[in-house]
Amino acid sequence: MKEVNGTLLVLTPKTPNPESIHNFWPISLCNVSCKLITKIIANRLQPFMSSLISPNQSSFVLRRHILDNIVIAQELIYSMHRMKKGTGFMTIKVDLEKAYDRLS
């Protein structure tokens, strides 16, 4: 049904005088029934999330924190630093600052 699936997208300004699309946060205003259905599905999936999502991922899983990943990254860098030269390892730092600040 078109009425149930309808979502209103609202652009909320980040700055007092926004000049481009990058100066807005997209907010989705979903139908109440859509929110209710997704909440029920999320609650039913919650017990299985830790087995469905990789141990390296910390988002959306109960009792997992981003600090766990920071500790793992520090240990990885420390281990790589102590390895012999020329073993062929490298690290890549990815900037995810605006990962959730995109409109597609």
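Worth saying up front: this structure is predicted, and the values here are computed from it rather than measured.

When its secondary structure is counted, the protein shows 4 helices and 2 strands. Mapped in sequence order, the helices and strands of the protein form the string α-β-β-α-α-α. Considering the protein as a whole, with its 104 residues, one finds that 5% of them fall into the buried category. At a minimum sequence separation of 6, the contacts of the protein that also span at least 24 residues come to 22%. Surface summary for the protein: the accessible area is close to 9,800 Å², and the carbon and sulfur share equals 62%.

What follows is about the confidence of the model for the protein. Per-residue pLDDT for the protein has a mean of 79; in total, 87% of the residues score no lower than 70. Of all the helices and strands in the protein, helix α1 (residues 2-5) carries the lowest mean pLDDT, 71, while strand β1 (residues 7-13) carries the highest, 88.

Turning next to a nonpolar patch on the surface. A cluster of nonpolar side chains, Leu8, Val10, Trp25, Ile27 and Leu29, forms an exposed patch at the surface whose accessible area comes to about 440 Å². With 3 residues, strand β2 (residues 24-30) is the largest single contributor of residues to the nonpolar patch. Structurally, the position occupied by Ile27 is in strand β2. Note on Ile27: relative accessible area 37%, which makes it partly exposed.

Quick notes on the rules
- Residues numbered from 1 in each chain as written.
- Predicted model: local features only at pLDDT ≥ 70, side-chain atom pairs only at ≥ 80, totals over all residues.
- Heavy atoms only, no water.
- Helix = DSSP H or I, 4+ residues; strand = E, 2+ residues; numbered from the N terminus.
- Buried < 20%, exposed > 50% of the residue type's maximum accessible area, 1.4 Å probe, protein only.
- Contact = heavy atoms within 4.5 Å.
- Areas by Shrake-Rupley, 256 points an atom, 1.4 Å probe, with all protein chains shown as cover.
- pLDDT = per-residue confidence, 0-100.
- Patch = residues over 30% accessible without salt bridge, like charges linked within 9 Å, V, L, I, M, F, W, Y side chains within 5 Å.
- Salt bridge = Lys/Arg side-chain N within 4 Å of Asp/Glu carboxyl O.

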